[in-house]
Amino acid sequence: MEMLLFLSQLEEKNDAEKEKHFKDRLFSLKSYDNLQKGLRFKRYEVIGGYKQFKQDLTKVRQNYEKALSDFQQEEIELVWSSFANQLVPVETEILKKDNSLSEIEKKKEKDENAKLMKQREEEMAIETQKALDKQKKELLDEQERLRAERERQYKKGEQKLHEKLINIASLAENKEDETNTLNQIAALEKERR
């Protein structure tokens, strides 16, 4: 009985020593220290912080298991489970914060995109108005050119008409002169007879 009691006490002491050794190894890891600093300095309370937290936690676990690879997995798992369970509320808070920041960032990005779209629409409206103004000016210039050409053609036509009228008038005068001359010749012949 005493031996069984002694053996039981020895096993409990050995288990306590192993647990202390596992915790000491865990707490001495650089990755554990980085995780603790991240929590203390709120490095995980940013957009993407939850993902970073999970990566850092995975790194701690990998280093922990590597440092205690001489021991059985079940033995070292108890200390890890206890540590991980203590982090559950912290992990939940980090996830909530990350999600709320992500929503804020999404809204901010949406607002920024809307602002950029509005700005682009305004730029396009200005560009469209400039193009319309240019097109209108070109159209007015073309209308003015056509009007000037019509005016030139009209004046040219009027000038030709005027010349023709002068020719007709001169022909009419010549006809009159001819008639007068013929009448004078006829009168002279009459007198001569």
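Computed from a predicted structure; not experimentally measured.

## Here's the deal with unusual backbone geometry
Moving on, step 1. For Lys42, which is not a glycine, the phi torsion comes out positive at approximately 55°.
Moving on, step 2. Position of Lys42 relative to the elements: it lies in the loop between helix H2 (30-40) and helix H3 (49-67).

## Considerations on the side chain of Asp98
Moving on, step 1. Looking at the element boundaries, Asp98 is found in helix H4 (residues 73-192).
Moving on, step 2. Polar side-chain contacts of Asp98 include one of 3.4 Å to the backbone nitrogen of Gly49.
Moving on, step 3. The contacts of Asp98, once residues within four sequence positions are left out, are Val46, Ile47, Gly48, Gly49, Tyr50 and Lys51.

## A few points about the UniProt feature "coiled-coil region" (unreviewed entry) in the protein chain
Moving on, step 1. The residues that UniProt annotates with the feature "coiled-coil region" (unreviewed entry) are residues 50-77 and 118-191.
Moving on, step 2. This span, residues 50-77, is 82% helix and 0% strand, and a straight line between its end C-alpha atoms measures 23 Å.

## A few points about the nonpolar core
Across soluble globular proteins, nonpolar side chains show a tendency to be buried alongside one another.
Moving on, step 1. Within the largest apolar cluster, 18 residues are counted, with the highest numbers of intra-cluster contacts made by Leu26, Leu35, Phe53, Leu57, Tyr64, Trp80 and Phe83.
Moving on, step 2. Taken together, the elements giving at least two residues each to this core come down to helix H1 (2-28), H2, H3 and H4.
Moving on, step 3. The dominant element in this core, judged by the number of residues it contributes, is H4, at six residues.
Moving on, step 4. Excluding residues within four positions of it along the chain, Phe53 makes contact with Leu35, Leu39, Tyr44, Leu87, Glu91 and Ile94.

## A few points about the pattern of salt bridges
Moving on, step 1. Across all of its chains, the model carries 16 salt bridges by this definition.
Moving on, step 2. With its nearest N and O atoms 3.0 Å apart, the salt bridge here joins Lys20 to Asp24. Of this pair, Lys20 and Asp24 both sit in helix H1, separated by four residues, roughly a single helical turn.
Moving on, step 3. A relative accessible area of 47% means that Lys20 is categorised as partly exposed.
Moving on, step 4. Judged by relative accessible area, Asp24 falls into the partly exposed class, the value being 39%.

## Comments concerning the packing of aromatic side chains
Moving on, step 1. Under the counting rule described, the total for this entry stands at six aromatic pairs.
Moving on, step 2. Judged by centre distance (5.0 Å) and plane angle (80°), the ring pair of Phe22 and Phe71 falls under edge-to-face. Separated by 49 residues along the polypeptide, Phe22 in helix H1 and Phe71 in the loop between H3 and H4 bring together distant segments of the chain.
Moving on, step 3. When its relative accessible area of 31% is taken as the criterion, Phe71 is described as partly exposed.
Moving on, step 4. Measuring from centroid to centroid gives 5.5 Å for Tyr32 and Phe83, while their planes differ by 55°, and the two rings are tilted. Of this pair, Tyr32 sits in helix H2 while Phe83 sits in helix H4, and the two are 51 residues apart along the sequence.
Moving on, step 5. Judged by its relative accessible area of 13%, Tyr32 is buried.

## As for H1
Moving on, step 1. In this model H1 runs 38 Å from its N-terminal to its C-terminal C-alpha over 27 residues, within 8% of the 39 Å that 1.5 Å per residue would give.
Moving on, step 2. What H1 keeps buried is the set Lys18, Phe22 and Leu26.

## Points about H3
Moving on, step 1. Over its 19 residues, H3 runs 27 Å from end to end, which matches the ideal 27 Å to within 8%, given 1.5 Å per residue.
Moving on, step 2. All of the buried residues along H3 are Gly49, Tyr50, Phe53, Asp56, Leu57, Val60 and Tyr64. Axial view of H3: buried residues confined to an arc of 125°, hence all on one face. Seen from the buried face of H3, the exposed residues on the opposite side, beyond 90 degrees, are Lys51, Gln62 and Lys66.

Thresholds, definitions, all that
Residues numbered from 1 in each chain as written. Predicted model: local features only at pLDDT ≥ 70, side-chain atom pairs only at ≥ 80, totals over all residues. Heavy atoms only, no water. Helix = DSSP H or I, 4+ residues; strand = E, 2+ residues; numbered from the N terminus. Polar contact = N/O pair within 3.5 Å; in protein donor to acceptor, adjacent residues only side chain to side chain. Contact = heavy atoms within 4.5 Å. UniProt positions renumbered as here; feature names shortened; annotations may be inferred. Core = buried A, V, L, I, M, F, W, Y, C linked by side-chain atoms within 4.5 Å. Buried < 20%, exposed > 50% of the residue type's maximum accessible area, 1.4 Å probe, protein only. Salt bridge = Lys/Arg side-chain N within 4 Å of Asp/Glu carboxyl O. Phe/Tyr/Trp six-rings, centres within 6.5 Å; stacked < 30°, edge-to-face > 60°. Expected span 1.5 Å × (residues − 1). Arc of directions from axis to C-beta.

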